[in-house]
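Survey of secondary and tertiary structure
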Amino acid sequence: MTAEQKKPVLVQKFGGTSVADADKIRRAAGRVIKAVKAGFQVVVVASARGKQTDKLVADALELNPNPPEREMDQLLSTGEIQTVSLFAMALVAAGFDAISFTGGQIEMLTDSAHTKARIKSIGADKIHSELDKGRIVLVAGFQGIDENGNITTLGRGGSDTTAVAIAAALGAKDCEIYTDVDGIHTADPRIFKQAARMDRISYDEMLEMASLGARVIHTRAVEFGKKYDVKIHVRNSATENEGTIITHEVPQMEGVVVSGATVQKDMAKIDLVGVDNRPGNAARIFAHLATAKVVVNDIMQTEISGEKANVSFTIAISSLTAAKGALEQIKKQIHYESVFIRDDIAEISVVGVGMRTHYGVADAMFGALAEAQVNIDSITTSEIRISCVVNKSQAEKALSAVCKAFDLDKPAEQRAKKT
Ligand code: ADP
Ligand code: ASP
Ligand code: MG
């Protein structure tokens with residue numbers, strides 16, 4: 001084994017705002033160089049610069065309001081490729097050996113679900129062999145390749161997943177995620193400014209918060225971290241602050257019931273009214289939606305008579321066209337009377353493993369929304385969360401009201417003492 005091989009591997013991921021221009025890329029390169037000097041073999045994963053992905057989406061929609069998903073992936077993957085090649089140039093200019101790769105070049109094999117592909121395997125040997133030559137390896141985030149050679153993407157925010165998956169594949173213990181906030185907060189600090197930063201958060205709570213709209217980290221990245229034991233360290237690329245560690249063991253402070261609150265905006269709700277109330281109908285509806293690759297969030301079914309039931313569910317607004325098509329196809333089989341679609345909703349959630357053993361969370365949440373004059377459309381719960389669908393125009397007000405009700409402006413230690 002050479003000296004180079006014995007060095008531990010560190011994966012550093014830089015989000016779009018952290019590489020938005022030449023100065024920011026130089027600053028990010030400075031962090032990489034620091035890690036190299038500290039004795040790590042470094043793999044850098046980077047996102048598209050600034051708002052580049054949004055710009056590419058707008059370019060596509062200008063030419064085709066319903067662009068083919070394969071072409072969308074082909075187009076969006078270019079944003080990340082630009083960043084890593086520029087980043088490599090900056091490192092070489094600073095006197096370091098660096099080489100950049102696309103997802104395909106490092107054999108980031110995914111399934112063929114364009115725009116929301118899942119990683120199957122990664123060409124770890126290729127990355128190791130470059131690292132062992134003493135090089136800094138840069139990998140374009142968010143993208144992979146399917147078994148037929150088509151470029152795929154992992155869903156918006158997917159570069160986090162690229163980074164943690166590479167860390168897992170290389171046996172790295174740590175993955176640093178550099179972004180534009182000081183770490184994971186009790187709520188989005190851009191909406192609830194007084195949100196408290198957490199020193200640590202468990203994979204389970206982070207999974208729940210990420211899947212409920214805390215876009216600071218991609219849900220699949222947290223899943224990879226949990227499964228392969230990668231400690232995820234979320235930090236601000238512009239400061240030296242400590243950030244937040246996402247890990248297994250986080251001591252639960254007695255009395256802390258709600259750890260965080262989230263808002264999910266780009267959602268739609270579909271109500272199927274008067275569906276035939278007979279065995280197999282729910283299965284038919286959701287099987288059809290699954291075939292159309294529609295990811296369903298919350299489902300509610302209520303019997304309204306012996307013969308009829310209402311079925312409601314929430315989905316991402318981007319899946320609305322696919323969902324409508326799937327429902328139209330099975331209309332004759334399930335005989336629903338009418339469909340109501342709301343595309344002006346948002347879901348506000350509170351999350352906390354402490355909810356398993358405490359009561360009174362639901363009424364505190366509903367009370368806070370009532371006081372803020374926010375009407376609740378529907379409510380869903382799980383063991384560690386409560387979610388309310390509200391009007392999108394009231395989403396930010398609703399989130400702030402809920403945060404205040406649960407003292408989410410205070411660090412967990414202070415909240416623990418209070419209860
Ligand atoms: P990047 O481009 O670095 O991946 P993102 O925009 O994807 O950055 O994620 C960072 C953003 O996540 C922050 O600017 C913040 O507005 C948002 N965010 C949402 N919920 C949270 C939370 N609970 N803690 C911290 N940031 C959050
Ligand atoms: N550039 C992609 C996006 O904007 C992926 C990422 O940033 O993680 O969603
Ligand atoms: Mg992101």
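Refer to the structure printed above.
Residues numbered from 1 in each chain as written. Chains lettered and ligands numbered in written order. Predicted model: local features only at pLDDT ≥ 70, side-chain atom pairs only at ≥ 80, totals over all residues. Heavy atoms only, no water.

1. Remarks on the layout of surface pockets
- Its volume calculated, the second largest pocket comes out at about 410 Å³.
- Met198, Arg200, Met253, Ala412 and Glu413 are the residues nearest the centre of the second largest pocket, which is lined by 19 residues in total.
- Contributions of two or more residues to the lining of the second largest pocket are made by β10 (200-202) and α13 (412-418).
- Along the lines of polarity and charge, the residues of the lining of the second largest pocket split into nine nonpolar, four polar and six charged. (1 Å grid on protein atoms, 1.4 Å probe; cavity = no way out; pocket = protein on both sides within 12 Å on 5 of 7 lines; lining within 4 Å. Points joined across faces, edges and corners; volume = space filled by probe spheres on them. Helix = DSSP H or I, 4+ residues; strand = E, 2+ residues; numbered from the N terminus. Nonpolar A, V, L, I, M, F, W, Y, C, P; charged D, E, K, R; others polar.)

2. Here we look at the site of ligand 1
- Near ligand 1 you find 18 residues, and of these Thr179, Asp180, His185, Asp188 and Arg190 are the closest.
- At 3.2 Å from an oxygen atom of ligand 1 is found a main-chain nitrogen or oxygen belonging to Gly16.
- Asp180 has a polar side-chain atom sitting 2.9 Å from an oxygen atom of ligand 1.
- Notes on ligand 1: free accessible area 570 Å², of which the protein chains cover 91%.
- Here the residues of the shell around ligand 1 sort into eight nonpolar, five polar and five charged. (Near = heavy atom within 4 Å. Polar contact = N/O pair within 3.5 Å; in protein donor to acceptor, adjacent residues only side chain to side chain. Areas by Shrake-Rupley, 256 points an atom, 1.4 Å probe, with all protein chains shown as cover.)

3. Notes on the nonpolar core
- The biggest cluster of nonpolar side chains holds 45 residues, and the ones touching the most others in it are Val11, Val43, Ile127, Ile166, Met206 and Ile246.
- Of the residues forming this core, the biggest block, seven residues, is contributed by helix α6 (residues 159-170).
- Other than its neighbours up to four places away in sequence, Ile166 contacts Val11, Val43, Val45, Ile106, Met108, Ile122, Ile127 and Val139.
- Counting 28 residues, the second-largest nonpolar core is a separate cluster that includes Val258, Cys388, Ala398 and Val402. (Core = buried A, V, L, I, M, F, W, Y, C linked by side-chain atoms within 4.5 Å. Buried < 20%, exposed > 50% of the residue type's maximum accessible area, 1.4 Å probe, protein only. Contact = heavy atoms within 4.5 Å.)

4. Details of the pairing of strand β17 (residues 378-382)
- Note that β17 and strand β18 (residues 385-391) share five bridges and pair antiparallel. Each residue of the ladder has a partner; that of Ser378, found in β18, is Val389.
- Between the end of β17 and the start of β18, which pair antiparallel, lie two residues. (Pairing = 2+ DSSP bridges.)

5. Considerations on the sheet that holds strand β3 (residues 98-101)
- What the eight strands build is an open sheet, ordered β3-β6-β2-β1-β9-β11-β12-β10; its pairing is mixed. Looking at which strands have only one partner, the edges of the open sheet turn out to be β3 and β10. Shown here is a sheet whose adjacent strand axes are inclined to one another by a mean of 20°, direction ignored.
- Here six bridges tie strand β1 (residues 9-14) to strand β2 (residues 41-46), and the two strands are oriented parallel to one another. In the strand pairing of β2, Phe14 is matched with Ala46.
- Running over the sheet, helix α4 (residues 69-93) touches β1, β2, β3 and β6 (136-140) and is turned about 165° from β6.
- The strands touched by helix α5 (residues 124-132) within the sheet are β1, β2, β3 and β6, with β2 carrying the most contacts at an inclination of about 125°. (Axes fitted to C-alpha atoms, helices over the stretch in contact; angles between N-to-C directions.)

6. Brief notes about the state of the cysteines
- For the structure on display, the rule yields zero disulfides.
- Residue Cys403 stays outside any disulfide, its sulfur separated by 13 Å from that of Cys388, the closest cysteine.
- Of the residues examined, Cys403 reaches a relative accessible area of 0% and is grouped as buried. (Disulfide = S-S within 2.5 Å.)

7. Digging into the pattern of salt bridges
- All chains considered together, the criterion is met by 28 salt bridges.
- Between Arg220 and Glu223 there is a salt bridge, with the nearest N and O atoms lying 2.7 Å from each other. Taken together, the positions of Arg220 and Glu223, both in helix α8 (residues 219-228) and three residues apart, correspond to about one turn of that helix.
- Glu223 gets classed as partly exposed once you look at its relative accessible area, which sits at 32%.
- Here Lys308 and Asp276 are joined by a salt bridge, their closest N and O atoms 2.8 Å apart. Of this pair, Lys308 sits in strand β15 (residues 308-316) while Asp276 sits in strand β13 (residues 260-276); the two residues are 32 residues apart in sequence, bridging distant segments of the chain. The two residues Lys308 and Asp276 agree in class, both being buried.
- In this structure, a network of salt bridges that share partners links the residues Lys269, Asp271, Arg342, Asp344 and Asp377. (Salt bridge = Lys/Arg side-chain N within 4 Å of Asp/Glu carboxyl O.)

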